[in-house]
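Okay, here's what each chain looks like letter by letter:
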Amino acid sequence: MCFTIYLSTTSGEDLSLLPSKLYQFIPLTMEYSADIIKRLDYPNPWFLVGQYGSCSCQFRHLIELNDMWFGPPKDWCPEDPEDIEATKAVYQIFAKLVADGHSIDLIGLWSGREQAPLTNMTVSLSEIGEDSFRFFENYKFNLHI
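Residues numbered from 1 in each chain as written. Predicted model: local features only at pLDDT ≥ 70, side-chain atom pairs only at ≥ 80, totals over all residues. Heavy atoms only, no water.

Visitor: Hey, could you go over the sheet that holds strand E2 (residues 23–27) for me, with residue numbers and the actual values?
Guide: The strand order E2-E3-E1-E5-E8-E6 describes an open sheet built from six strands, whose pairing is mixed. At either end of the open sheet lies a strand with only one pairing partner, and these are E2 and strand E6 (119–124). With direction set aside, neighbouring strand axes in the sheet form an average angle of 25°. In terms of strand pairing, E2 meets strand E3 (residues 44–50) through five bridges, oriented antiparallel. Within the sheet, the bridge partner assigned to Pro-27 lies in E3 and is Trp-46. Sitting on the sheet, helix H2 (residues 81–99) touches strand E1 (3–9), E2, E3, strand E5 (104–110) and strand E8 (139–144), and the angle it makes with E2 is about 55°. (Pairing = 2+ DSSP bridges. Helix = DSSP H or I, 4+ residues; strand = E, 2+ residues; numbered from the N terminus. Axes fitted to C-alpha atoms, helices over the stretch in contact; angles between N-to-C directions. Contact = heavy atoms within 4.5 Å.)

Structure (structure tokens):
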């Protein structure tokens, strides 16, 4: 089982062409991803995978909610430096798209589990900086500046 991140945006930009060794955006199609696409709001849906492909485990994420929520990495809770770098890189893409006037929503799910209800959360990228951003399981983020 793996963590997966799906997103949709109003931007028509082909995110799969963005150059990075840290992430890849894969277009979603109704043929293979209808259940996920129905949970997203915008016309351009994507699957975000890490540098090793096939899942989104190579990003910062929070599986069990506690008092940490958003926040920078802590010494007492080590995180992989590549996961931190990859999360910052996609945060910068999200921030640019939102600053350019586009809408983005994203969903974090644990693959192989029955689809749980999602908790909606509005996330201000100007309040949650790139050092503190992470993805949450079973949450749907609506990103804005």
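Visitor: Explain the packing of aromatic side chains to me, and be specific about the residues and the numbers.
Guide: The geometry of an aromatic ring pair is captured by two quantities: the separation of the ring centres and the angle between the planes. Under the definition given, this model contains 16 aromatic pairs. Ring geometry for Trp-69 versus Phe-136: centroids 5.3 Å apart, planes at 65°, classification edge-to-face. One end of the pair, Trp-69, is in the loop between strand E4 (61–62) and H2; the other, Phe-136, is in strand E7 (residues 135–136), and 67 residues separate them in sequence. Assessed through its relative accessible area of 1%, Phe-136 is described here as buried. Arranged with centres 5.1 Å apart and planes meeting at 80°, the rings of Phe-133 and Phe-135 form a pair that is edge-to-face. The same class applies to Phe-133 as to Phe-135, namely buried. One aromatic cluster is present, formed by Phe-59, Trp-69, Phe-70, Tyr-91, Phe-94, Phe-133, Phe-135, Phe-136, Tyr-139 and Phe-141 through successive ring pairs. (Phe/Tyr/Trp six-rings, centres within 6.5 Å; stacked < 30°, edge-to-face > 60°. Buried < 20%, exposed > 50% of the residue type's maximum accessible area, 1.4 Å probe, protein only.)

Visitor: Break down helix H1 (residues 30–37) for me, citing the residues and quoting the values.
Guide: Taken together, the buried positions of H1 are occupied by Ser-33, Ile-36 and Ile-37. Considered in projection along H1, the buried side chains sweep an arc of 85° and stay on one side of the axis. Of the residues in H1, the exposed ones pointing more than 90 degrees away from the buried face are Glu-31 and Asp-35. In this structure, the buried residues of H1 make contact with E1, E3 and E5. (Arc of directions from axis to C-beta.)

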